[in-house]
Structure formats: C-alpha cells, structure tokens
Amino acid sequence: MRYLMLVLSTPDDAEVGSEGTDGVPRIEDWVDRHYGSGAAVLGDRLRPPEDAVGVRVRGGRVVVTDGPYSETKEAIGGFDVLDAPDLDTAIAIASEHPMAYAGAIELRPFWPLEVADAAGGDVTAGGEPAGAGKGGA
Amino acid sequence: MTAAAAAAEDAFRSEWGRVLGAVARSTGDLDLAEESAQEAFATALRTWVRDGVPDAPGAWLTTTARRHAIDVLRRRRTESEKTATAARLAAPLQAPLQDAAPDDGPSDPDGDLLRLLYTCCHPALPLEGRVALTLRSLTGMTTAQVARAFLVPEATMAQRLVRAKRRIRATGITFRVPPPALRGERTADVLVVLYLLFTEGYDAWAEPAHDVAGGVERRALADDAVRLVRLATRLLPDEPEVRGLLALLLLQHARRDARSGPDGTTSTLAEQDRSLWRDDEIADGLRELDTALAVGRPGPYQVQAAIAALHCRAPTAAATDWAEVLALYDVLLAMTPSPVVALNRAVALAEVHGPAAGLAAIDDLAEEPALVGYHLLPAVRAELLARAGRPDQAAAALRAALDVVDREGDRRLLRRRLAALTTW
C-alpha cells in the first residue's frame, strides 16, 4: 500500500529545531532510517502557501488562482511517499517524524484507479468527523 | 430444541468471533468473512442434526467458513476474467486465495480474536462505527440487534457498518496486532470502545426498562461488554488496565438490581438496598482488581475500580471510607483531568469536609463546557445545598437539573426530591 504523507505546519506551533531536543527525533535520523529501509520513497520540502498555485475547472473553464484553497490554518510544508504494508505501519513511521510533534501529518492512501469498489461516494478522503458522537445517545 | 440445534446455537455465541477472525485474517475482507461465517453456521444447523455434533465445533466451523470464502474468491476470479478490465482486478485476489487454503499455517483462534478486536477498535474509524463493528464482529449480534441497542433505525446502523468496513479497506487497515510502538495506545483505544459499550448498557439499568424504548436491548449491552472485557483479559493477560476495566465493570454491574426502584426511579448509591448487590460478582471484581494492582502499573481503570471497590465493601452507605475515596479521586484527576471526574471528586469532598467545601468545588466547574447541559451538575449542587440548609436554592438547582435531564429514571428522582423539598 502506498501513502502520501503530508507534513503540516501551523503558525501557532513551536519551531522544530535541527537539534533533537526534548525527545523530538532529528529529521536526519528519520530520513536515514526510513529512506534507508525503502519504506519512504519520495519526499521534498514545499514552498510556502503564498507561493501555491490553485487550479480549478468551473463551467468548462480552467481557473488558476495565486494561492491555496485550504481554509484551515495548517499549511502543507512537505510530503513523503511511503510504501508500507498497511496503515498501522504508516502511522508508526509518521509518528516518528519530527513534524508530528510540532505540526501535523496527514496520511492519504493512494487510490489506484483499478480499485473499482473504492469508487463509493462514502469514502471521501478524511472520512467522517471522528467522534461524531456515540450512537443514538 | 434438539441437541444438535442447541449445540449450534451455543457455538454461535462462543465461536462467532473466532470463525470471523480466522477468515478475516486469511482473506483480509471483513464482508466476505461475515458472509462465510454465516454460511458456516447455517451449514452446521443442517448437517449437525443429520450427522451429529463434531468433536471440535469451532474448528469445524472455521474450516467450513474458509472453504466458503475460497469458493467465493474462485467464483469472483472466474467472473472477473471474463472482461479485460476485470482481469486486472483479479491479480490482487490471487494472494488471498492461496492464503485462504483451509490447511494454511497453525490455527490460532485467540490470535484471530485479538487481531479482530484491534481492527474493529482502530482509531482511524469513526467512534460510532468502531462500537457497532465490535458488537457485530465479536458477539455475532445482527445488524438489527445492534440498531435496537443504539436506538437507531436498522438502515442507519447498516450504513454505519458499511462505512466502517469501507474505511478499513480504503485506508489499508489490516487484521493485525499493532506494531510495538503503537500497542499501548491501541490497547487503550480498545478499552475506550469496550467501556463505551458498557456505559450504554449501564445507563439503561438505571432506567425503567419497559417504559423506555430499547431498554431491554440496551441493558444487555452491559453483559456483552463484561464478556468482551473478560475475553480481552485472556487475550492480553499482561495488561493490568484491561483487568482493571474488568474489575470496574464487575463491581459496577453487580449493583444493577438495586439501581432502579420498583417505580422506575433511579436509586442513588446511598439509597440502594445493598442486599440486592450481587456478592459473587463483587468478590470476582475484587479478585480481578487485586490481580491487576499486584502488577504495579496503575492506570485510570484500576483507580476507578478501586473507588468502586470501596463502595462495594461498605456494608452501609454511612460506613463508606470517604477519605480514601477522595484520595483516589485526587489520583484519578491527576491521571485524567476531566470535569466529570472533578464533579465526582466534589461529592467525595463534601462527604469528608462538609457541603460548603463540595459546593465551592462545584462552583469552580460551573463554566466547564463539557458539563453544560449535564443534569448531574445542578443535581449534585441541589443535594449539597439542601444539606447546607438552603432549601430555596436547592429547589432552584433541582429545577435547573429537570430542565436538562434526558434520562427518565433520573427525572423521576429529581421530581421526587423537588416535591420533598417544597412540602417541607
């Protein structure tokens, strides 16, 4: 299974230094370990959201904008492509990334076109809000 | 009922999860596992009457279910090979097909159950889906039964289960024990789901069972939860918090016959007829608690069980060791800072240091968002105000509690209290 691992930062989070302090892993160690093992496949830093270019098609026209569409405070600061046997392995790898400590990581499973049954309308990425309440309460 | 039919029904209750877990592990497909398990039990009903009950019903059922799964996978593959597009789909099915051979690897029924439990309680699934899936997969309850217990239409529950299963596939959740780095949190996640199940049932025991929709079904959830947590202690014998949760459930559930009066009014701990408490279950709970505490790794469930144990050990409400209860609530609050725990602590504080101390602690909680609309906050306040000799304010607090209460048994209790205050 392949996962896109998004590295998020928010303005409120403390900066993660390059030194491994307070139990925060060092990025160099993370890269060595998981790129070394082959579980992490491809990754890079991204330019800040101000430099993002949005592309949409509306009414048959391509609309290009000079900024992100996201309305949340988090900005995608980088990504890695993980090749992991299952979600738990991917979660374990993500949880070792320094930005999991001061920002956030989002895992997005790859969605190969061949998988027909994944086309169900319910399976929007991110799914339903977690903890939508206990049933029937 | 014939002996064979009784054996089949018995096996259904005790083996459903194992059969499902075995097929889920080898095929990675929960839907197929469910269908195959159902098929195996239907076959058992037919053939056991004719040929007798096999020596190992569980193994027989698992083998039968696996054979069915293999047949389905073969059929799917044959069908899909008919078109070029579908042929590409067949490739990923070949591996599970081989895995699903009935004689693959040593059978590991408990391992299958544990993997199934971790999967159903996976935090990447919505919480209500986890709860429903756990019930459906581990107890064999039908979708209709799960729906009744959670007071939702069957179609809603079916949709909830379908979504949870789709998400298992879409996100790549597999039937496995979590990697060591995640195991602690994941075990805690399992306990959250099981405790939530219990709470649904436990709350129903303080309700008039026959006046409230789904009362009987909801009450049964408490028994299901106790069984599942007991199972979890067998699967995870080295986790004292699992055993702590079992002790907590046993001690709370042992009071069930005393928690609702004959007129359907909730009986508080102080009012309960303690002769109705089930002594054998209390003894069982105390033993489990001692075993858990002996490990020396305390946690919130063990502390809550220790508090429940103090109540169960007191021959009368007046004999309760409130100083010890208060000390344990301090420990619990340090472990899990929660306004509900703080409210319970305020009750203990009032017992030890008087109603004024309790009222002061409650006033600190008035602004807690988590307690807005929670009837027990004004209800406890009313009780302490009455004890402090301020009946007018107590009546006002009772009216505030009645405005928000959403449980019939508690509503009747609050009304009775208000009537007693105003005729006084």
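In this text, all values refer to a predicted model and were calculated from it rather than measured experimentally.

## Considering the UniProt feature "domain: DUF6596" (unreviewed entry) in chain B
- Within this structure's numbering, the places UniProt gives as "domain: DUF6596" (unreviewed entry) are residues 186–292 of chain B.
- The span residues 186–292 of chain B is 64% helical and 0% strand by assignment, and the distance between its end C-alpha atoms comes to 19 Å.

## Notes on the environment of Trp-16 of chain B
Residue and element names in this part refer to chain B.
- Looking at the element boundaries, Trp-16 is found in helix 1 (residues 3–27).
- Spatially, the C-alpha atoms of Trp-16 and Pro-57 are 11 Å apart, while their sequence positions differ by 41 residues.
- Not counting residues up to four positions away in its chain, the partners in contact with Trp-16 are Ala-11, Glu-34, Ala-37, Gln-38, Phe-41, Arg-136, Ser-137, Leu-138, Thr-139 and Gly-140.

## Quick look at the packing of aromatic side chains
Residues and elements named next belong to chain B.
- For the structure shown, the criterion picks out 8 aromatic pairs over all chains.
- A centroid spacing of 5.4 Å and a plane angle of 70 degrees characterise the contact between Trp-48 and Trp-60, whose relative ring orientation is edge-to-face. Of this pair, Trp-48 sits in helix 2 (residues 30–51) while Trp-60 sits in helix 3 (residues 57–80), placing them 12 residues apart in sequence.
- Measuring from ring centre to ring centre gives 6.4 Å for Tyr-195 and Phe-198, while their planes differ by 10 degrees; the resulting arrangement is stacked. Here Phe-198 and Tyr-195 lie together in helix 9 (residues 180–205), a separation of 3 residues that amounts to about one turn.
- When its relative accessible area of 19% is taken as the criterion, Tyr-195 is described as buried.
- What makes Phe-198 buried here is its relative accessible area of 1%.
- Taken together, the ring pairs in this structure connect Tyr-195, Phe-198, Tyr-202 and Tyr-301 into an aromatic cluster.
- Just above the ring of Trp-205 sits the side chain of Arg-219; from NZ or CZ to the centre is 4.3 Å.

## Section: a nonpolar patch on the surface
- Taken together, the side chains of Val-53, Val-55 and Val-64 of chain A define a hydrophobic patch exposed on the protein surface, amounting to about 290 Å² of accessible area.
- The topology assignment puts Val-64 of chain A in strand 4 (residues 61–65).

## Brief notes about the pattern of salt bridges
Residue and element names in this part refer to chain B.
- Counted according to the given criterion, the structure contains 41 salt bridges over all chains.
- Measuring nitrogen to oxygen at the nearest pair gives 3.5 Å for the salt bridge that ties Glu-34 to Arg-136. Residue Glu-34 is located in helix 2, and its partner Arg-136 is located in helix 6 (residues 127–139); the two are separated by 102 residues in the primary sequence.
- A relative accessible area of 5% means that Arg-136 is categorised as buried.
- The closest approach of N and O atoms between Asp-330 and Arg-345, which form a salt bridge, is 2.5 Å.

Here is what the cut-offs are and how they apply
Residues numbered from 1 in each chain as written. Chains lettered and ligands numbered in written order. Predicted model: local features only at pLDDT ≥ 70, side-chain atom pairs only at ≥ 80, totals over all residues. Heavy atoms only, no water. UniProt positions renumbered as here; feature names shortened; annotations may be inferred. Helix = DSSP H or I, 4+ residues; strand = E, 2+ residues; numbered from the N terminus. Contact = heavy atoms within 4.5 Å. Phe/Tyr/Trp six-rings, centres within 6.5 Å; stacked < 30°, edge-to-face > 60°. Buried < 20%, exposed > 50% of the residue type's maximum accessible area, 1.4 Å probe, protein only. Lys NZ or Arg CZ within 6 Å of the ring centre and 35° of its normal. Patch = residues over 30% accessible without salt bridge, like charges linked within 9 Å, V, L, I, M, F, W, Y side chains within 5 Å. Areas by Shrake-Rupley, 256 points an atom, 1.4 Å probe, with all protein chains shown as cover. Salt bridge = Lys/Arg side-chain N within 4 Å of Asp/Glu carboxyl O.

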